[in-house]
Amino acid sequence: MSNKIVINEDIHKGMINKNIYGHFSEHLGRCIYEGIWVGEDSPIPNTKGIRNDVLEALKQLHIPVLRWPGGCFADEYHWKDGIGPHENRKRMVNTHWGGVVENNHFGTHEFMLLCELLDCEPYICGNVGSGTVQEMSEWVEYMTFDGESPMANWRKENGRTEPWRLKYFGIGNESWGCGGNMRPEYYADLYRRYQTFARNYGDNRLYKIAGGANIDDYRWTEVLMKQAGPFMDGLSLHYYTIPGDFWEGKGSALDFSDDEWLMTLQKAYFMDELITRHSAIMDQYDPEKRIGLIVDEWGTWFDVEPGTNPGFLYQQNTIRDALVAAVHFHIFHQHCDRVQMANIAQLVNVLQSVILTEGEKMIKTPTYHVFDMFKVHQDATLLDVKADVEQLQHNDTKFPKVSVSASKDKNGKMHISLCNTSLDEPAETTISLRGAGHERTLSGTILAAREKNAHNTFEQPDKVAPAPFTGFTSIGETLKISLPPMSVVMLSE
Ligand code: AHR
């Protein structure tokens, strides 16, 4: 059977919020320290302590928004420890992640600088689990108050006269787990209380994000929407693609079977069901879809690379991760009426990273290349797509072999992204482009591999890299494409 796709260019399904191409950086393992922050005295070339090679690579992705400082770390983080002269900053233990010393050299000023250099929105997650209302309130005052106040004066003493613009602010993280092991009823009340004192100063308007459900905890969403819906702008959702068992063994990032390949892709597609069902609950309380579903942690989670600190969550990244990323983006596009932001976990050296570093060396992962290829979809108009495609199966669960999404950007140019999740079969695909009213010339880019665990290393940094794609013909309004196995393709006008 072949795969038949119709793209209705004259039917628009909404805007793909660029923030679904967001990222997440936590004080975890080598994400912040080594991965981003090396300090001004480092032999690694840097801009005020932030490594230049990583900065340059990240700039290319047009990162729209970056979440920080956690994660579980956020509910242990006391922001006042991370400001002022570096030598005076408190040294503490990062109890969640590896029990290592956190010297607090990367704090609010450094994070805001990183966002300025990347030209992205900061998304800061406040501490509900072990912090006070006053502490959270003062953090917002410190960052955004313009005028005479204890916190604003302190910020100025620390070298920053103008307040920062801060939009996205999270009220705690995973309050059902590492953020305090709370029940939703209790957290909903705490949310209402903490957010009251996260003030809008001047014309700075916070977009307040409540800590949402773990995976399929639909009751959490129900209680939060019911008890705290009017007080929030966004509600989060966390779901990781784990081929094995979270506690018993998640599976290897590099050494996996064909069955694990299928299981991973099947579990990636589960994101669609999760968003559909959480959205259905949100629709009951918010039919106008004012509140965004914020998928602020997603991605693959495997066993750590052998020989590395189990608390550092360092894993390699293969063509399988690239397909997981592409499948997620297509799902997020499809739900663009509700999903306003998503943040892959995490930026550098942790979980499904876009960048890995080793000393002064840096490589881009296959996932990086998907972000790069797909950035044309940011803030573009989603086009209607009808797809009649072959199915793959893992155990009793079927999922599409071919996944597709199409958008039109601000300049009226169309972009079609496709992926073939099969390990060993090409996908012969026909696309009818309806409603265009004119001929178009498309060019193609492909990310593909011959081995299922193909990945980039510090010795072979470009083993998995995008290449020009010519495996398609265009006759009138019909495109015929042969998608190689294990491939992600972007066709652009
Ligand atoms: O991303 C790693 C961890 O996963 C985060 O700190 C936490 O929020 C989640 O459980």
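Here we summarise the structure given alongside this text. (Residues numbered from 1 in each chain as written. Predicted model: local features only at pLDDT ≥ 70, side-chain atom pairs only at ≥ 80, totals over all residues. Heavy atoms only, no water.)

**A closer look at the overall build of the protein**
To keep things clear, this is the line we draw: Where helices and strands are cited, they refer to DSSP runs of H or I of at least four residues and of E of at least two residues respectively, numbered from the N terminus. Atoms counted for the radius of gyration: C-alpha only. Globule rule: 2.2 Å times the number of residues to the power 0.38. For the area figures, the Shrake-Rupley method with a 1.4 Å probe applies, and any residue is considered shielded solely by the protein chains shown.
Per the secondary structure count, the protein includes 9 helices and 26 strands. Rg of the C-alpha trace for the protein: 22 Å, near the compact-globule value of 23 Å for 493 residues, within the 12% margin. Counting only C-alpha atoms and orienting by the principal axes, one finds that the protein spans roughly 70 × 50 × 45 Å. Accessible surface, the protein as shown: approximately 18,900 Å² in total, 49% of it carbon and sulfur.

**Looking at the packing of helix 6 (residues 218–228) against helix 7 (residues 258–285)**
Short version of the rule: What counts as an axis is a line fitted to C-alpha atoms, over the stretch in contact for a helix, and the angles between N-to-C directions run from 0 to 180 degrees. In what follows, roughly perpendicular refers to angles from 65 to 115 degrees, roughly parallel to angles under 35, roughly antiparallel to angles over 145, and oblique to any angle outside these ranges. In this scheme the crossing of two helices becomes right-handed for a clockwise turn of the near helix relative to the far one and left-handed for an anticlockwise turn of less than a right angle. Contacts are assigned to residue pairs with any non-hydrogen atoms lying within 4.5 Å of each other. Just so you know the grouping, Ala, Val, Leu, Ile, Met, Phe, Trp, Tyr, Cys and Pro go in nonpolar, Asp, Glu, Lys and Arg go in charged, and all remaining residues, Gly too, go in polar.
Running from amino to carboxyl end, helix 6 crosses helix 7 at an angle of 25°, the nearest separation of the two axes being 9 Å. Comparing their axes, helix 7 and helix 6 come out roughly parallel. As helix 6 runs across helix 7, the sense of the crossing is right-handed. In contact with Y218, T221, E222, M225 and K226 of helix 6, helix 7 contributes E273, L274, R277, H278, I281, M282, Q284 and Y285. The residue inventory of the contact of helix 6 with helix 7, partitioned by class, reads 6 nonpolar, 3 polar and 4 charged.

**Notes on the state of the cysteines**
The criterion, for reference: Disulfide: a pair of cysteine sulfur atoms within 2.5 Å of each other.
Per the stated rule, a full pass over the model turns up 1 disulfide. In this model, C72 is linked to C178 through a disulfide, with the two sulfur atoms separated by 2.2 Å. Residues C72 and C178 share a disulfide whose torsion about the S-S bond is about -90°; that sign makes it left-handed. Of this pair, C72 sits in the loop between strand 5 (65–68) and strand 6 (92–94) while C178 is found in the loop between strand 9 (168–171) and helix 5 (184–196), placing the two residues 106 residues apart along the sequence.

**Some thoughts on the sheet that holds strand 22 (residues 443–448)**
Note on sheets: strands pair through backbone hydrogen bonds, and any given pair is parallel or antiparallel. For the record, the criterion: What makes two strands pair is DSSP finding at least two bridges between them.
Here we have 10 strands laid out as an open sheet, ordered 23-22-26-20-19-16-1-21-25-24, and mixed in their pairing. In this open sheet, the two strands that pair with only one neighbour each are strand 23 (467–469) and strand 24 (472–475). Each adjacent strand pair in this sheet contributes to an overall mean axis angle of 25°, direction not counted.

**What to know about unusual backbone geometry**
The omega torsion of the bond from W68 to P69 falls at 10°, within 30 degrees of zero and hence cis. Structurally, P69 is set in the loop between strand 5 and strand 6. Geometrically, the link from G70 to G71 is a cis peptide bond, its omega value of 15° lying close to zero. Looking at the element boundaries, G71 is found in the loop between strand 5 and strand 6.

**Concerning the sheet that holds strand 5**
Taken in spatial order, the 8 strands line up as 2-5-8-9-10-11-12-13 and close into a barrel, and their pairing is parallel. On average, adjacent strands in this sheet sit at an angle of 30° to one another, irrespective of strand direction. The pairing of strand 11 (residues 234–241) with strand 12 (residues 292–300) spans 7 bridges and is classified as parallel. The partner of H238 across the bridge, within strand 12, is E297. Strand contacts of helix 2 (residues 108–118): strand 5 and strand 8 (121–126), with the helix running at about 150° to strand 8, the strand carrying the most contacts. Contacts from helix 5 reach strand 9 and strand 10 (207–214), with the element oriented near 165° to strand 10.

Keep in mind that these numbers describe shape and distance, not what the molecule does.
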